[in-house]
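So you can see what is in the structure, the chains are spelled out below.
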Amino acid sequence: MPRRRQRHMVGSGSDGTEDSDSSAEREQTNSSESDGNLSKRQRLTRASTRLSQSSQDTPDLKRAADHDESPPLTPTGNAPSSESELDISSPNASHDESQAKDQASRDSDKDLSHRPKRRRCHETYNFNMKCPTPGCNSLGHLTGKHERHFAVSGCPLYHNLSADECKVKAISREKQEDELKGQEENNSRHATRHQTPTSKQSKYKEQVAEMRKGRNSGLQKEQKEKHMEHRQTHSNTREPLLENITSEYDLELFRKAQARASEDLEKLRIQGQITEGSNMIKTILFGRYELDTWYHSPYPEEYARLGRLYVCEFCLKYMKSQTILRRHMAKCVWKHPPGDEVYRKGGISVFEVDGKKNKIYCQNLCLLAKLFLDHKTLYYDVEPFLFYVMTEADNTGCHLVGYFSKEKNSFLNYNVSCILTMPQYMRQGFGKMLIDFSYLLSKVEERVGSPERPLSDLGLISYRSYWKEVLLRYMYNFQGKEISIKEISQETAVNPVDIVSTLQSLQMLKYWKGKHLVLKRQDLIDEWRAKEIKRGNSNKTIDPSSLKWTPPKGT
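The protein goes by Histone acetyltransferase in an unreviewed UniProt entry, where it is assigned to Pogonophryne albipinna. Among the UniProt annotations of the protein, the heading Catalytic activity (unreviewed entry) holds the following wording: "L-lysyl-[protein] + acetyl-CoA = N(6)-acetyl-L-lysyl-[protein] + CoA + H(+)". Under the heading Sequence similarities (unreviewed entry), UniProt records this for the protein: "Belongs to the MYST (SAS/MOZ) family."

**Here we look at the packing of helix α15 (residues 457-477) against helix α16 (residues 485-492)**
Two elements in contact, α15 and α16, have axes separated by 11 Å at closest approach and are oriented at 110°. In terms of axis orientation, α15 runs roughly perpendicular to α16. Considering how the two elements wind past one another, α15 and α16 form a crossing that is right-handed. Residue-level contacts link Val470, Leu471 and Tyr474 of α15 to Glu487, Ile488, Glu491 and Thr492 of α16. Residue classes in the contact of α15 with α16 are distributed as 4 nonpolar, 1 polar and 2 charged.

**Focus on the sheet that holds strand β4 (residues 318-319)**
Pairing between sheet strands relies on hydrogen bonds along the backbone, with the strands arranged either parallel or antiparallel. The strand order across the open sheet formed by 4 strands is β2-β1-β3-β4, and the pairing between neighbours is mixed. Edge positions in the sheet fall to β2 (289-292) and β4, since each of these pairs with one other strand and no more. Two strands pair when backbone bridges link them, and strand β3 (residues 308-311) and β4 are joined in this way by 2 bridges, in the antiparallel orientation. Bridge pairing in β4 links Val311 to Tyr318.

**Structural notes on the environment of Leu524**
Structurally, Leu524 is set in helix α18 (residues 522-535). The exposure class assigned to Leu524 is buried, which follows from its relative accessible area of 14%. Taking the C-alpha atoms as reference points, Leu524 and Leu506, 18 residues apart in sequence, are found 8.6 Å from one another. Other than its neighbours up to four places away in sequence, Leu524 contacts Leu472, Leu506 and Met508.

**Focus: a positive patch on the surface**
Where like charges cluster on the molecular surface, the positive patch consists of Lys317, Arg326, Arg327 and Lys331. Locating Arg327 in the fold gives a position in helix α12 (residues 322-331). Using a relative accessible area of 59% as the deciding quantity, one classes Arg327 as exposed.

**Considering the pattern of salt bridges**
Under the defined criterion, the tally for this structure stands at 13 salt bridges. Measuring nitrogen to oxygen at the nearest pair gives 3.0 Å for the salt bridge that ties Lys432 to Glu469. Here Glu469 lies in helix α15 and Lys432 lies in helix α14 (residues 430-445), a separation of 37 residues in the sequence. Relative accessible area serves as the criterion here: at 29%, Lys432 is assigned to the partly exposed category. With a shortest N-O distance of 3.1 Å, Arg473 and Glu469 are connected by a salt bridge. With Arg473 and Glu469 both in helix α15 and 4 residues apart, the pair spans about one turn of that helix. The exposure class assigned to Arg473 is partly exposed, which follows from its relative accessible area of 32%. When salt bridges that share partners are traced, they join Lys432, Glu469 and Arg473 into one network.

**Overview of α16**
Burial in α16 covers these residues: Ile488, Ser489 and Thr492. Looking straight down α16, one finds that the buried residues subtend no more than 100° of arc, so they occupy a single side. Seen from the open side of α16, the exposed residues pointing more than 90 degrees away from its buried face are Lys486, Gln490 and Glu491. Tucked into the core, α16 has its buried residues touching α14, α15 and α17 (496-505). Sitting at the amino-terminal end of α16 is Ser484, which places a side-chain oxygen 3.2 Å from the backbone nitrogen of Lys486. One or two positions beyond α16, positive phi appears at Ala493, with a value near 65°.

**Considerations on the packing of aromatic side chains**
Inspection of the entire model under this criterion finds 14 aromatic pairs. Centre to centre, the rings of Trp334 and Tyr361 are 5.9 Å apart; their planes meet at 35°, and the pair counts as tilted. Placement of the pair is Trp334 in the loop between α12 and β5 (340-345) and Tyr361 in helix α13 (residues 359-370), with a sequence separation of 27 residues. Among the residues examined, Trp334 registers a relative accessible area of 32% and is labelled partly exposed. Geometrically, the ring pair formed by Tyr474 and Phe478 is stacked, given 5.9 Å between the ring centres and 20° between the ring planes. Across this residue pair, the class does not change: Tyr474 and Phe478 are buried. The residue whose ring lies beneath Lys320 is Tyr303, and the NZ or CZ to ring-centre distance is 5.3 Å.

**Considerations on the UniProt feature "active site" (unreviewed entry) in the protein**
When the UniProt feature table is mapped onto this chain, "active site" (unreviewed entry) is found at Glu452. Judged by relative accessible area, which is 28%, Glu452 ranks as partly exposed. Aside from chain neighbours lying at most four places away, what touches Glu452 is Glu407, Tyr414, Val416 and Ser417.

**Quick look at a negative patch on the surface**
Taken together, the side chains of Glu174, Glu177, Asp178 and Glu179 define an acidic patch exposed on the protein surface. Looking at where Glu179 falls in the secondary structure, it is placed in helix α7 (residues 163-186).

**A few points about the nonpolar core**
Grouped together as the largest cluster of nonpolar side chains are 76 residues, with contacts concentrated most on Ile284, Phe286, Leu368, Phe387, Met390, Met422 and Phe437. When residues of this core are assigned to domains, at least three fall in each of domain 2 (277-334) and domain 3 (335-546). When sequence neighbours within four positions are dropped, the list of residues in contact with Leu368 reads Ile284, Phe286, Tyr299, Leu316, Leu400 and Met422. One finds Leu285, Tyr310, Cys315 and Cys332 within the second-largest nonpolar core, a separate group that totals 8 residues.

Cut-offs and rules
Starting from 1, residues in each chain are numbered consecutively following that chain's sequence as written. In keeping with the predicted nature of the model, local features appear solely for residues at pLDDT of at least 70, side-chain atom pairs appear and are counted solely at 80 or more, and the whole-chain, interface and lining totals rest on all residues. Only heavy atoms go into the side-chain values, all of them from the structure, while hydrogens and water stay out. UniProt positions are given in the numbering used here, feature names are shortened, and annotations may be inferred rather than shown by experiment. Axis lines are fitted to C-alpha atoms, over the contacting stretch for helices. Their N-to-C directions set the angle, which ranges from 0 to 180 degrees. The secondary structure listing takes helices from DSSP runs of H or I that are at least 4 residues long and strands from runs of E that are at least 2 residues long, numbered from the N terminus. Roughly parallel means an angle under 35 degrees; roughly antiparallel, over 145; roughly perpendicular, 65 to 115; everything else is oblique. The sense of a crossing depends on the near helix, which, turned anticlockwise from the far helix by less than a right angle, makes the crossing left-handed and, turned clockwise, makes it right-handed. Throughout, a contact is declared for two residues whenever any of their heavy atoms are within 4.5 Å. Throughout, the ten residues Ala, Val, Leu, Ile, Met, Phe, Trp, Tyr, Cys and Pro are labelled nonpolar, Asp, Glu, Lys and Arg are labelled charged, and all others, Gly among them, are labelled polar. Two strands pair under a simple rule: DSSP has to find at least two bridges between them. Under the scheme applied here, a residue whose accessible area is under 20% of the maximum for its type counts as buried, over 50% as exposed, and between as partly exposed, the area being computed with a 1.4 Å probe on protein chains only. Residues with no salt bridge and a relative accessible area higher than 30% make up the patches, which join like charges within 9 Å and nonpolar side chains (Val, Leu, Ile, Met, Phe, Trp, Tyr) within 5 Å. For accessible areas, the Shrake-Rupley method is used with a probe of radius 1.4 Å. Any residue's cover is judged against the shown protein chains and nothing else. Salt bridge, as applied in this entry: a Lys or Arg side-chain nitrogen positioned within 4 Å of an Asp or Glu carboxyl oxygen. Within this scheme the basic residues Lys and Arg register as positive and the acidic residues Asp and Glu register as negative, but His and the chain ends are omitted. Lysine's charge is taken at NZ, arginine's at CZ, aspartate's at CG and glutamate's at CD. Working definition: the arc comes from the directions between the helix axis and the C-beta atoms, pointing outward to the latter. Here a polar contact means two N or O atoms within 3.5 Å. Within protein one must be a hydrogen donor candidate and the other an acceptor candidate, and residues neighboring in sequence count only if both atoms are side-chain atoms. Classification of ring pairs rests on two measures: the distance between centres of Phe, Tyr or Trp rings, Trp counted by its six-membered ring, which must be within 6.5 Å, and the angle between planes, read as stacked under 30 degrees, edge-to-face over 60 and tilted in between. Only Lys NZ and Arg CZ are tested; either one counts as a charge over a ring when it is within 6 Å of the ring centre and within 35 degrees of the ring normal. Throughout, nonpolar core names a set of buried Ala, Val, Leu, Ile, Met, Phe, Trp, Tyr and Cys residues whose side chains join them through atoms within 4.5 Å. Either an automatic procedure or a domain database provided the assignment from which the domain bounds are taken.

So this is what it looks like as structure tokens:
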């Protein structure tokens, strides 16, 4: 025991290794002191030999070995990835049995003394993250319940408070909540609905009215100068000064609401539903669907840090809460996208929306699409594009199914710049309908079209499936002996490069005697035909006769 006490008092090494080495070396013989400068490899060999001997000699050493079965933690809080991260350096070991017992006991105590230091690395905070408020050290929290914060919503400095003030306010709020709970418990459970207010309630109402008397008195000259100076000094990096703008009662209510919202965000962060420094929009409420998002979208910061976004499915306006969405839907006059309806068959319609004439709608559509597309980079510069929005109609309006955009003047003959099918309508044939419609427009324009690259993963799968279907249908209906890729391209409006890549993937293109030959694989054609018969007369096809559209001129 005296040896252990002396070892804890000597030295100031961060991991305690040097302290244990120095204390043990003073207890060794002169021969062990002379061997202190041996190579690291020899020391590790002797240490492993000593541990193997001691584990066979005494049950105490077995307990120490059992304690070391789980890998020790590195200073990063993770299991070590190599032997170099393990704390196995030790003084010279003697072959004497008693020395081995004492040394193993000290090693066990050393591990126990180290463990609290390493356990602190397992806290839920990411110390590499910092609060974005200038001059903030990320200490404290607006709620007064957490030691650190990483977002503006929980920053005491941004709200012109200190960490200690937040803790004091948190204690005061808890006391008030306890008092209110006590009053509620004292009230009768069988009280009538229109019960007259009690004397305490009437007295509290008079106090609130008294506190709110001077809330509209306005700021004095000194107070205005103070507010202006604060705004000029900190600009948007701090919350405006709120004192003397309204009554103390209303200001305290506002502070309570801020603290409660910050606590809710902190709970979501701890649960992993939101992460610092990344997109916090995890779900959107869109019509009667709640959709999980896939990628980041550059919505404004005040909306992006919300866990859920509420979007009107007709005008695509985004909102912060369901209450705002409900009020908006009550007065929203839109029941279909703006622009001209250029196609209708059954309940399926396609609207042509000009990005120059309906800029806000198209920008909102791009922001919504980015939540489900990885490669999309167009958000706000929508004027050079036309948007073709597909909808499905019912008695409540035309619901967004998907869309594609195309440049008004494309030098490379791209007929699609961006294409998306909403997640709730995927795997139902609407993706192929959008692709087929884009090629139908190219046929009317008498052009050969191709989608703009790079395609997303789902987009590439959809296009390859469409090109395969187009080629097999053409092969099935073709009755001649010689076939030309140029003729296929002119009839289907598919780019020759896309045709060649599809034929190669189907192993229908061969090079023989200096010529490229197109093989008519009857097995693939029969397989496609069987699927067509099984599918029957599906309404998930584009009817060219239902298109009422002429190519735009001078746009």
